[in-house]
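Structural overview
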Protein chains: 2
Amino acid sequence: MEDLSRIDAHIDDNFDRHLDRVRTFVRQPSISGEGVGMQETAELVAASIKELGGQSEIVPTSGWPVVYGEIDAGAPRTLLLYGMYDVQPVAGEDWIVPPFGGQIVDQFEDLGRCLVNRGIANQKGPLAGAFNALASVKAVAGKLPVNLKFVVEGEEELGSRHLPEFITRYKDRLRAEGTYFPAFAQDRNGKPIIWLGVKGIVFFELVCRGGNWGGPTTRGIHGSNNAWIASPVWRMVHALKTMVDEHERIAIDGFYKSVAPPTDEDEKVLDQLEKTFEPDIVLKSNDVRRFKYNLRGTPLLRRFLFEPQLNIDGLAGGHYGAGTKTLLPHEVRVKMDVRLVPNMEPEEVRERIKAHLRKIGCADFELHLEEGYPWARMSPSAAISQAMIRTMSAFGREPEIWPNIAGSAPFYLFSRVLGQPFTIGGMGHGGRQHSPNEYATVEGIRLFEKSAARFLYEFAGIKE
Amino acid sequence: MEDLSRIDAHIDDNFDRHLDRVRTFVRQPSISGEGVGMQETAELVAASIKELGGQSEIVPTSGWPVVYGEIDAGAPRTLLLYGMYDVQPVAGEDWIVPPFGGQIVDQFEDLGRCLVNRGIANQKGPLAGAFNALASVKAVAGKLPVNLKFVVEGEEELGSRHLPEFITRYKDRLRAEGTYFPAFAQDRNGKPIIWLGVKGIVFFELVCRGGNWGGPTTRGIHGSNNAWIASPVWRMVHALKTMVDEHERIAIDGFYKSVAPPTDEDEKVLDQLEKTFEPDIVLKSNDVRRFKYNLRGTPLLRRFLFEPQLNIDGLAGGHYGAGTKTLLPHEVRVKMDVRLVPNMEPEEVRERIKAHLRKIGCADFELHLEEGYPWARMSPSAAISQAMIRTMSAFGREPEIWPNIAGSAPFYLFSRVLGQPFTIGGMGHGGRQHSPNEYATVEGIRLFEKSAARFLYEFAGIKE
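Residues numbered from 1 in each chain as written. Chains lettered and ligands numbered in written order. Predicted model: local features only at pLDDT ≥ 70, side-chain atom pairs only at ≥ 80, totals over all residues. Heavy atoms only, no water.

Focus: the overall build of chain A
- Along the backbone of chain A there are 13 helices and 20 strands.
- Compactness check: chain A gives a C-alpha radius of gyration of 23 Å against a globular reference of 23 Å for 464 residues, within 12% of the reference.
- Taking the principal axes of its C-alpha atoms as reference, chain A extends roughly 80 × 45 × 45 Å.
- In chain A, which comprises 464 residues, the share counted as buried stands at 65%.
- Summarising the internal contacts of chain A: among those between residues at least 6 apart in sequence, 79% fall at separations of at least 24.
- When the accessible surface of chain A is totalled, it reaches about 16,200 Å², and 48% of it is carbon and sulfur.
- With 54 positive and 61 negative side-chain charges, chain A shows a spacing of 2 Å between the two charge centroids. (Helix = DSSP H or I, 4+ residues; strand = E, 2+ residues; numbered from the N terminus. Rg over C-alpha atoms; globule rule 2.2 N^0.38 Å. Buried < 20%, exposed > 50% of the residue type's maximum accessible area, 1.4 Å probe, protein only. Contact = heavy atoms within 4.5 Å. Areas by Shrake-Rupley, 256 points an atom, 1.4 Å probe, with all protein chains shown as cover. Lys, Arg positive; Asp, Glu negative; His and termini not counted. Charge placed at Lys NZ, Arg CZ, Asp CG, Glu CD.)

Set out below in C-alpha cells:
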C-alpha cells in the first residue's frame, strides 16, 4: 500500500487533465434507447483501455456492442471491471445547461462546483474516473496491482438485454476473483455508502387497443362516439386499478409468495444502518415531501429494500399535445416495471402478470415483455465487501452499509453465472440519475479516483 | 325556384374552378390548437365574402378572430351563415397523403375520387362549397334570394371559447330569421341525414402531481423509488376508476339527475329513424367491430343520443417515448370531456366533477376547466327544419332525421342567446373528422353546392 499517497498526489497534480477525460466521456451522447452516439462512445472506452497498455475490442451483440478488454499486469489476482457506457434519454426534460455540454456549474444546489450532464453520475463519471485512476496507478507504481478485465456494456439502461449473450460467449475469458462496479457512493452530505446488492427487474409494456371486444381498431375517432363505442383507455384504467391497491400494494395473486423476509444477517445490517440513515436526505435529494408509508427507521427500510413494487414508468394515449382534440383513442400504452427482491425470479413474475391479465379478462391486451433479470446480493462479510469497506473507511468516515439498493443492475451475471463476488462503490457524490440536471461534484470526482486506486490495492491484498 | 336548374348547370360548368377554391381553403392549414395559419385563413374567408359583393371584417377576440360579414340583397329575409375556419391538429397522425396537400385520391375506400385533407369534411369543405354556391346563385339569378350574415369562427375545435364574447358584442348586427351551418350530411352509402341538434360539452384536464401528499414534486425520479415514494400515476388511476364504472357508466354522484328522457316528439323521430338507421355503416366508418352496448335500433340510439358520456381524449405521464426509462413520474395529465344532453348545464357538470374530486380525496388535483357550452335542439316541425328536409329530399331520397348528433357545436349561441332557429345540413359525404385521412368525395362537394343553393330558396320561401 506504500504507493497510495504518491498516487493521490499524482491524481491531484493531473486533475485538470483527468477532468477533461471525464468531460469528454459525458459530452459524447450515448442514449441506448434512441441509438444516439453508441459506436462513438464504445470507441472512446476501447481506446481508454488501450491507452493503459491493454487489449480491447468492441464486441457486437444482437443489440449495442459490449466493450471487452484485458490488462495483464502479471499479478496473482484478477479483477473484472464492469461498467456501462449508455445513458438515459433527455427528451422532454428541462435542463439548466445543455445536457451534453459538459458544463461545470458553480454552487450547484449548495454543493460547490458540479459537472452537470446526462450520465455524469450514472455512470460515465465513475467509468472515466476509473480510467484516470488506473493511469495514475500505472504512472506512479509502474504496473497495476491486479490484472484487469473490462466488460463495459451499452444496454444497461435498456435492462442489459444482450449482456447475457455476451457473458455466455466470453465466459471462459471472464474468469476473475471478483467484479467491481465503480460508483460515486457518497450522499449529498458526504456520508460514504456501500450497497451490497441490487434488486432485479422485469420491464413490460401493456397495450390496450380496440378489437373484437369493441373500441376503435385503427385510429382515434371523434370523441363523441364514446357514447356508444367503448374506450381502450377506460378499459386500461379498470385493468390497472386491479394491479395495485390504493396504498400501491401489489394486488396480483401470489405476487408476494416468493418474497423472503430479511435474514438475520440482513436484520443486523438494517439495525446498524438505522443508526445513520437520514430519511430527510432522501426526501430532499428527490424533491419529495413524504414517504408513502407512515414509517421511520428499520420498518421503512424493510419496505424499501425487501419488498417488490410495480411502478408505472410512463403512459400515453390519445391526444396529449397542445390544444383540445376530442378523441376516442384507439390505443393506450403503459410502461411498467417490477423490482424483484429475494427470492423472486423474473419468469415467475412474468407468469403472474400473464395470469392476472387472464383473470381480469384482459388476455387480449398486448404484453410486451422486455428483458429482465434477477436480484443479486453479497454478504457484508464477503472478502470483496470488506475490501470496499476498508477502502471507503480510509477516507475518514465509516461507510453506511445497505443490504442492497432499490435500483437494478445485472450483477447476477457475475455472481450467479460467473460465480464471482462483486462490489459496488467508490467515494464521490452525484445525483439526479434519470432526471434533468444529473450532476456530480468536481471534488467528488477527484476523491472517487483516489478511492478507485485504493480499492485495487485492497482487492490485491485479499487473503482467501 | 325557377332558377335552380340553371344554377345547377352553372355549378357543373364551373366545377373545376369551384374545386380549386375548396382545395385552396383546405391547403391553408388553420390549426387553432397550435396557432398555425389562423390569420391567413381568416383572410381567405373575409376575401370570399367581399368577392360576393359583401362587407367583411376580421374581428379580434381574446382568442382567434371571428370573420364577420354581411351581404345585403334587399331581400325580405335574412339568413345567418355560421361556419368555422379552424381544423384539428394532425401531429402524430399517419396520413396516406400530406394532410394539407389538397390531393385528390382515386378510389379512396371504394368511394371514388376523394379530396383527402385535414378539414375537408370538418368543416372547410362545406364552407368553401357554400361560397361557390353563392357565387353561382349570384351569377345566374343576379342577386341572392336572402340577405346573408356570416359568422365564421376560428375556435370551434377549441370549444368556441371566445365566440360568446363576439356574439355579445355583435348581437345587434346578428339579427336574422335563422342560422345555417353548412355540412356534408350524406353517409357513405349516400343516405341524406339531418341532425336537429347537438350535444353540449364540458372539456377539462385533470392533473395529478406530487405534493404534500407524497410523490415527486418537481421532476420524474429514479423509478426504484416507487418502493417508498408514492406515484402520482397510480393515484390518478385510482381516481379515474371512480369516475366511470366498468361499463363506462358515469359514477359521479347525481350526474344523470338532470338528464331528461326523450320527449314524445323525440320518440317519434327515433321510431322513424330506426327504420333506416344502419348501425353497420357506423361501425364500418369508424373501423369498429361492435358497440359498447348489446343493443340495436331505438334502444341503442337512445343511449347514443340521450345520454351523457365522460370520455378520455388523451393522457400522458412519465416516459412514453422510445426506449426504456425507469421513472417515477412527478405528474400525469388526463384530458377529458363530457357531452351534455337535455337538460344538463355546463356549470352543474363542473360542480359535480369538483364535488367528486373532493369526495374521493383528490381536491388537490389540478382541474383545468376549459370552456364548455350547453346542448341545442330544434324541433323537426320548425320551419327551418322543414326547409332543410325539403332541400335534401329534392335530391331524390327522403333524409333520415336524427334528433341530434352526439358531437357538439355552439348552436346555443344562436338558438338561446340570439333566439334564432338553426339548421345543419347539405348533401355531400365526408368522413374521418378528427382522424387521419379526413376526406370528402369530389362528387359530394358538387352535390353539396347544389343543395346549399337550393336551401337559400327554400329558406327565402318560408311562410311563418
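As for the sheet that holds strand E18 (residues 422-425) of chain B
All names here are of chain B.
- What the six strands build is an open sheet, ordered E1-E2-E6-E3-E7-E18; its pairing is mixed. Two strands lie at the open edges of the sheet, namely strand E1 (55-59) and E18, each paired on one side alone. Strand after strand, the sheet turns through a mean of 20° between neighbouring axes, direction not considered.
- One ladder, built from five bridges, connects E1 with strand E2 (residues 66-71); its direction is antiparallel. Considered in E2, the bridge of serine 56 is made with glycine 69.
- Contacts between helix H13 (residues 442-460) and the sheet are confined to strand E3 (78-84), strand E7 (178-182) and E18, with E7 contributing the most and set at about 175° to the helix. (Pairing = 2+ DSSP bridges. Axes fitted to C-alpha atoms, helices over the stretch in contact; angles between N-to-C directions.)

Looking at the packing of aromatic side chains
- Taken as a whole and assessed by the stated rule, the structure comprises 41 aromatic pairs over all chains.
- Ring geometry for tryptophan 228 of chain A against phenylalanine 277 of chain B: centres 5.9 Å apart, planes inclined by 20°, an arrangement best described as stacked. With tryptophan 228 of chain A in the loop between strand E10 (221-222) and helix H6 (232-240) and phenylalanine 277 of chain B in the loop between helix H7 (264-276) and helix H8 (279-285), the pair connects residues from two separate chains. Judged on exposure class, the residue tryptophan 228 of chain A and its partner phenylalanine 277 of chain B are both buried.
- Summarising the aromatic geometry, the rings of tyrosine 82 of chain B and phenylalanine 181 of chain B are spaced 5.3 Å apart at their centres and angled 35° between planes, so their arrangement reads as tilted. Of the two residues, tyrosine 82 of chain B is situated in strand E3 and phenylalanine 181 of chain B in strand E7; the sequence distance between them amounts to 99 residues.
- Residue classification places phenylalanine 181 of chain B among the buried residues on the basis of a relative accessible area of 8%.
- Aromatic rings pair up to connect Tyr82, Phe181, Phe411, Phe414 and Phe422 of chain A into one cluster.
- Over the face of the ring belonging to phenylalanine 459 of chain A we find arginine 77 of chain A, whose NZ or CZ atom lies 4.5 Å from the ring centre. (Phe/Tyr/Trp six-rings, centres within 6.5 Å; stacked < 30°, edge-to-face > 60°. Lys NZ or Arg CZ within 6 Å of the ring centre and 35° of its normal.)

What about the interface of chain B and chain A?
- Each partner contributes to the interface: chain B provides 92 residues, whereas chain A provides 92 residues.
- Together chain B and chain A conceal approximately 8,000 Å² of surface at their shared face, both sides included; 56% is due to carbon and sulfur atoms.
- On the chain B side of the interface with chain A, the three residues burying the most area are Arg219, Trp228 and Trp234 of chain B, jointly 12% of the side's total.
- Here glutamate 246 of chain A ties to lysine 241 of chain B by a salt bridge, and the two come within 2.7 Å at their closest N and O atoms.
- Sorting elements by how many residues they give to the side of chain B that touches chain A places strand E11 (residues 309-318) of chain B first, with ten residues.
- Judged from the five bridges that link them, strand E11 (residues 309-318) of chain A and E11 of chain B form a sheet pairing that is antiparallel. Following the sheet pairing, glycine 318 of chain A is matched in E11 of chain B by glycine 314 of chain B. (Buried area = accessible area lost by both parts, 1.4 Å probe. Salt bridge = Lys/Arg side-chain N within 4 Å of Asp/Glu carboxyl O.)

Comments concerning the sheet that holds strand E4 (residues 103-105) of chain B
All names here are of chain B.
- Judged by pairing direction, the sheet is antiparallel, and its four strands sit side by side in the order E4-E5-E20-E19 without closing on themselves. The open sheet is flanked by E4 and strand E19 (430-431), the only strands paired with a single partner.
- Relative to strand E20 (residues 439-441), strand E5 (residues 114-116) runs antiparallel, the two sharing three bridges. Directly across from valine 116, in E20, lies its bridge partner tyrosine 439.
- Packing of helix H2 (residues 15-27) onto the sheet brings it into contact with E4 and E5, and relative to E5 it is tilted by some 20°.
- Against the sheet, H13 touches E4, E5 and E20, its axis set at about 70° to E20.

Quick word on the domain arrangement of chain A
Residues and elements named next belong to chain A.
- Split by domain assignment, chain A resolves into domain 1 (4-196 + 378-460) and domain 2 (200-259 + 307-373).
- Computed over C-alpha atoms, the centres of domain 1 and domain 2 are 35 Å apart.
- In this complex, domain 1 contributes twelve residues to the contact, which on the side of domain 2 involves eight residues.
- In this assembly, domain 1 packs against domain 2 so that about 790 Å² is buried in total across both faces, 49% of it on carbon and sulfur atoms.
- The tally of links from domain 1 across to domain 2 stands at two salt bridges.
- Here arginine 161 makes a salt bridge to glutamate 370, at a shortest N to O gap of 3.3 Å.
- The interface formed by domain 1 and domain 2 holds five residue pairs in polar contact (both at pLDDT 80 or more) in total. (Domains from an automatic or database assignment. Polar contact = N/O pair within 3.5 Å; in protein donor to acceptor, adjacent residues only side chain to side chain.)

Side note on the relation of the copies chain B and chain A
- Placing chain B over chain A gives an RMSD of 0.0 Å and needs a rotation angle of 180°, together with 0.0 Å of translation along the axis. As the rotation angle and translation indicate, the two copies are arranged about a two-fold axis. Taking C-alpha positions as the reference, the residue of chain B nearest the rotation axis is alanine 316 of chain B, at 2.1 Å.
- Comparing interface residues between copies, 100% of those in chain B also lie at the interface in chain A; the contact surface is shared. (Least-squares fit on C-alpha atoms with pLDDT ≥ 70 in both.)

Re the side chain of glutamate 205 of chain B
All names here are of chain B.
- Within the fold, glutamate 205 resides in strand E9 (residues 197-209).
- A distance of 3.3 Å separates the side chain of glutamate 205 from the side chain of arginine 333, its partner in a polar contact.
- Leave out the neighbours within four places in its chain, and glutamate 205 touches Arg333, Val334, Lys335, Glu366, Leu367 and His368.

Concerning the pattern of salt bridges
All names here are of chain A.
- In total, this model carries 69 salt bridges over all chains according to the counting rule given.
- Here arginine 235 makes a salt bridge to aspartate 364, at a shortest N to O gap of 2.8 Å. One end of the pair, arginine 235, is in helix H6; the other, aspartate 364, is in the loop between helix H10 (346-359) and strand E14 (366-373), and 129 residues separate them in sequence.
- According to the relative accessible area criterion, arginine 235 is buried, its value standing at 17%.
- Taking the relative accessible area as the measure of exposure, aspartate 364 reaches 42% and is therefore partly exposed.

What about the environment of asparagine 212 of chain A?
- You can see asparagine 212 of chain A is positioned in the loop between strand E9 (197-209) and E10.
- Sequence-wise, asparagine 212 of chain A and aspartate 364 of chain A are 152 residues apart; in three dimensions their C-alpha atoms are separated by 9.5 Å.
- Setting aside its immediate chain neighbours within four residues, asparagine 212 of chain A contacts Arg289 and Arg290 of chain B.
- A distance of 3.1 Å separates polar atoms of two side chains, one belonging to asparagine 212 of chain A and the other to arginine 289 of chain B.

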